[in-house]
Amino acid sequence: MSRFVWLALAFACAAFTVGNTTVPIAAWLAPVFMLRFTRSSAPLPGLALGAVTFIAGQDVAWRGALVFQGLIYHAVVAAIGLLFFLPVVADRLIAPRLKGFASTLVFPLALVAVEFAWSSAGLGTWGLAAYSQWGALPLLQVLSVTGLWGVSFLVGWAASTANVVWARGWADPAARRAGLVVAGVVAAVLAAGGLRLALDPPKGPTVRVAGVVAENLDVFMGAWAPLAQGRKLTPEMADKARPATQELQQRLLERSREEARAGARIVVWSEANALVFKDDESAFVAQGRRLAREEGVYLFMAMATITPGERLARNKVVAIDPTGEVRSSYLKSHPTPAEASVPGDGVVEVMDTPYGRLAWAICYDFDYQALIRQAGRAGADILLNPSWDSRGMDPMHTHMAGLRAIENGASMFRVTNDGLSQAVDAQARVLAAMDDYASKDGVKAMVADLPVRGAVTPYARFGDWLAWACVAGAGQGTLAGSRGRGRRLRRLGRRSASVDDVDHRADRAADQGPGSGVARQAADPGAHDRAGGGGAAGQDEGCGGEGGRESSHRGLLRLHSASRGLAIWAQITDSTGLSSWSGWALYQASTVWMAASTVKPSRPFWARCEKVSVCPGSCLAS
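Residues numbered from 1 in each chain as written. Predicted model: local features only at pLDDT ≥ 70, side-chain atom pairs only at ≥ 80, totals over all residues. Heavy atoms only, no water.

Draft legend 1. Quick peek at the sheet that holds strand S10 (residues 411-417). A sheet is described by the order of its strands in space; here six strands give the open sequence S7-S8-S9-S10-S11-S12, paired in mixed fashion. Whereas interior strands pair on both sides, the edge strands pair on one side only; in this sheet they are strand S7 (350-353) and strand S12 (430-435). Pairs of neighbouring strands in the sheet enclose a mean axial angle of 15 degrees, with direction left out of account. Of the strand pairs in this sheet, S7 and strand S8 (residues 356-360) are connected by four bridges, and their pairing is antiparallel. In the sheet register, Asp352 faces S8, and the bridge partner there is Arg357. The sheet strands contacting helix H15 (residues 396-408) are strand S9 (382-388), S10 and strand S11 (420-424), and the helix crosses S10 at an angle near 160 degrees. (Pairing = 2+ DSSP bridges. Helix = DSSP H or I, 4+ residues; strand = E, 2+ residues; numbered from the N terminus. Axes fitted to C-alpha atoms, helices over the stretch in contact; angles between N-to-C directions. Contact = heavy atoms within 4.5 Å.)

Here it is, written out as structure tokens:
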């Protein structure tokens, strides 16, 4: 079957690996087909076409989920796509230089290393492979030990090993062993996850939590939107918007009281649901304190405080206990790139209650697993996540946040304006859900009974240990591949002596005339070997045959120059310790040069002889 079929299948699967329409199996199949295509193609054209195809699939997958529009959208997706295509590049360039089982590890190590670098760049964890597996609970339980990186590693390892089995066949002992090992590891992970779900579900009492969402877009447009547009809010604008903000505040307080009287012991508002001007904040918080004291509830007032004349609001959660005391005022640690708010200090606070230890952070904060791991290390039992999304992020962003529950061994309650609200237990079983777009009510609430006892997980305790191990492994694999390339280049340099002889014979032929025997031997260097001379073409199969007969004298001279250049490069890398990437680029350029100098090539360029380091002349046949 044509390798372009595998490329088409890779595109089709890539379109369902991120965004709001993920299909778990597609994330496993996409890299299988992409690696199959790139491994069966020449490096430069194969990787170039593979990158374009991968980016096209990502462009389809992210549509509607990112806030960018037009050319900016396509440019952002292309940049992200190129980054996440780097593991494929590493697999194509490094894996062939390694032997045996080590070659199957290049792609998964590079995949985790790239994802870890992306998550450490300050833009969250969007686009990681683990998020595509939402709903596959037995598999996702590995997050409690490895974090997101365990799933990514398994997806990448399965893809590279499947390609080894595909290329060599199941009858090959090495391929069969690799396939059995990977299948055994995946089966063990699934079995352990299934046993965890069946035998160790969250136990103990529960607490009723209510999440309140009030429609506030019209109020937002008059109060916070000018700041998001880069303008300051004037006192006159604040006075005009104040009646609407106060009416919104009263709706939130009234619905919170109703939920408390219906049995909720914890009440949480969606992100920035109350819009408050600085002059009104003290009186508003005082009303919340009175409500919490009178109803005996923990009240988490999510609000945006706006000061006229300032360019940034304060996106915060004011936490009040049943005595009416303000226990914390938490600022959102990671405002979104387009959000006009003051960033917090990046410290997640916890509060001990009769209903377990509570921890909270706001919306986008939950995209940073290291931030939320503070709560896991502190032994949080319930994570509260007031959020504000958009239709384009529904349900993707809520599912992303749900994985923090498994990682940290805590139930999670996410109440969302303009999106999906969801409550899950510590193993990501869905306990309650509410789609904000499914109801036209001006004020609505999601209620769930959450377990009050969590557990400190290995991931919360030890963090990104697997990611760091993969970074180290990827670096070691690159060094090993560099050494392998250096050895090939040095062998090529030593073999270039035979090409020097060809050039010397050509010079003698020019002196003695075209009719001499030396001239005939220079024009056909394989003639001596065919007569029993025992040269390099006689030592390696195919090294002098059809390619030697078809090559012109000019092509041989170019081969001589390329081989000599590669030999010099090998000496430079040995003496300076430079990376082999430049050597690889030079090798590819010289190969193109050699291929261009042949006459009527008998095979396509990507089918050139793989023993170029042993017999440079063999590549003339391609």
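Draft legend 2. Region of the structure containing a nonpolar patch on the surface. On the surface, Phe16, Val23, Ile25 and Leu29 cluster together to form a nonpolar patch covering roughly 310 Å² of accessible area. If you trace the backbone, Leu29 turns up in helix H2 (residues 24-39). Residue class for Leu29 comes out partly exposed when judged on its relative accessible area of 33%. (Patch = residues over 30% accessible without salt bridge, like charges linked within 9 Å, V, L, I, M, F, W, Y side chains within 5 Å. Areas by Shrake-Rupley, 256 points an atom, 1.4 Å probe, with all protein chains shown as cover. Salt bridge = Lys/Arg side-chain N within 4 Å of Asp/Glu carboxyl O. Buried < 20%, exposed > 50% of the residue type's maximum accessible area, 1.4 Å probe, protein only.)

Draft legend 3. Region of the structure containing the side chain of Asn163. Positionally, Asn163 belongs in helix H8 (residues 148-168). In this structure the side chain of Asn163 is engaged in a polar contact, spanning 3.1 Å, whose partner is the backbone nitrogen of Arg36. When near neighbours in sequence (up to four residues on either side) are disregarded, Asn163 contacts Pro31, Val32, Leu35, Arg36 and Arg39. (Polar contact = N/O pair within 3.5 Å; in protein donor to acceptor, adjacent residues only side chain to side chain.)

Draft legend 4. Fine view of the confidence of the model for the protein. Mean pLDDT over the protein: 82, with 77% of residues reaching 70 or higher. Of the regions scoring below 50 in pLDDT, residues 492-622 engages in 139 contacts with residues more than four places distant in sequence or in other chains. (pLDDT = per-residue confidence, 0-100.)

Draft legend 5. A look at the pattern of salt bridges. Within the structure shown, the criterion is met by 25 salt bridges. Between Glu258 and Arg255 there is a salt bridge, with its nearest N and O atoms 3.8 Å apart. Pair noted here: Glu258 and Arg255 are both in helix H12 (residues 235-261), with a separation of three residues, about one helical turn. For Arg261, the salt bridge goes to Glu295, with nearest N and O atoms at 3.1 Å. With Arg261 in helix H12 and Glu295 in helix H13 (residues 278-295), this pair connects stretches of sequence that are 34 residues apart. Arg261 sits in the exposed class, given a relative accessible area of 62%. Several salt bridges share partner residues, and in doing so they unite Arg257, Arg261, Glu294 and Glu295 into one network.

Draft legend 6. Local environment of the environment of Ala167. Along the chain, Ala167 turns up in helix H8. Judged by relative accessible area, which is 56%, Ala167 ranks as exposed. When the C-alpha positions of Ala167 and Ser40 are compared, they lie 9.3 Å apart, and in sequence the two are 127 residues distant.

Draft legend 7. Looking closely at the packing of helix H1 (residues 3-14) against H2. Following both chains from N to C, one finds H1 and H2 inclined at 150 degrees, their axes separated by 8 Å at the closest point. With respect to each other, H1 and H2 are oriented roughly antiparallel. Helix-helix and strand crossings are classified by hand; for H1 and H2 the assignment is left-handed. Residues Arg3, Phe4, Trp6, Leu7, Leu9, Ala10, Cys13 and Ala14 of H1 pack against Ala26, Leu29, Ala30, Phe33, Met34, Arg36 and Phe37 of H2. Within the contact of H1 with H2, the residues separate by chemical class into 13 nonpolar, no polar and two charged. (Parallel < 35°, antiparallel > 145°, perpendicular 65-115°, else oblique. Left-handed = near helix turned anticlockwise from the far one by under 90°. Nonpolar A, V, L, I, M, F, W, Y, C, P; charged D, E, K, R; others polar.)

Draft legend 8. Molecular detail of the nonpolar core. Among the nonpolar cores identified, the biggest contains 150 residues, and Trp224, Trp269 and Phe300 are the most heavily contacted of them. Examining the composition of this core, we find that nine residues originate from one element, H8, more than from any other. Apart from residues no more than four positions distant in its own chain, Trp269 is found in contact with Val212, Leu252, Leu253, Ser256, Ala274, Phe284, Leu299, Phe300, Met301, Ala302, Pro386 and Val415. Counting residues in each nonpolar core, the second largest holds seven residues, with Ile94, Ala95, Val106 and Ala110 among its members. (Core = buried A, V, L, I, M, F, W, Y, C linked by side-chain atoms within 4.5 Å.)

Draft legend 9. Expanded view of the pairing of S11. Summarising burial for S11: five of the five residues are buried, a large majority. Here S11 shows two buried faces, one formed by Leu420, Gln422 and Val424 and the other by Ser421 and Ala423. The sheet contact formed by S10 and S11 spans three bridges and is antiparallel. What sits directly across from Arg414, in S11, is Gln422. A loop of two residues connects S10 with S11, the two strands running antiparallel in sequence, and Asp418 in this loop sits at a positive phi of about 55 degrees. Alignment of S11 against S12, held across five bridges, turns out to be antiparallel. Counted as the bridge partner of Ser421 is Met434 from S12. In this structure, the hairpin formed by S11 and S12 is closed by a connection of five residues, where Ala428 is found at a positive phi of approximately 70 degrees.

Draft legend 10. Structural view of unusual backbone geometry. A cis amide bond links Asp394 to the next residue, Pro395, at an omega of 10 degrees. Note on placement: Pro395 falls in the loop between S9 and H15. For Ala272, which is not a glycine, the phi torsion comes out positive at approximately 50 degrees. Along the chain, the position of Ala272 falls in the loop between strand S2 (266-269) and strand S3 (274-277).

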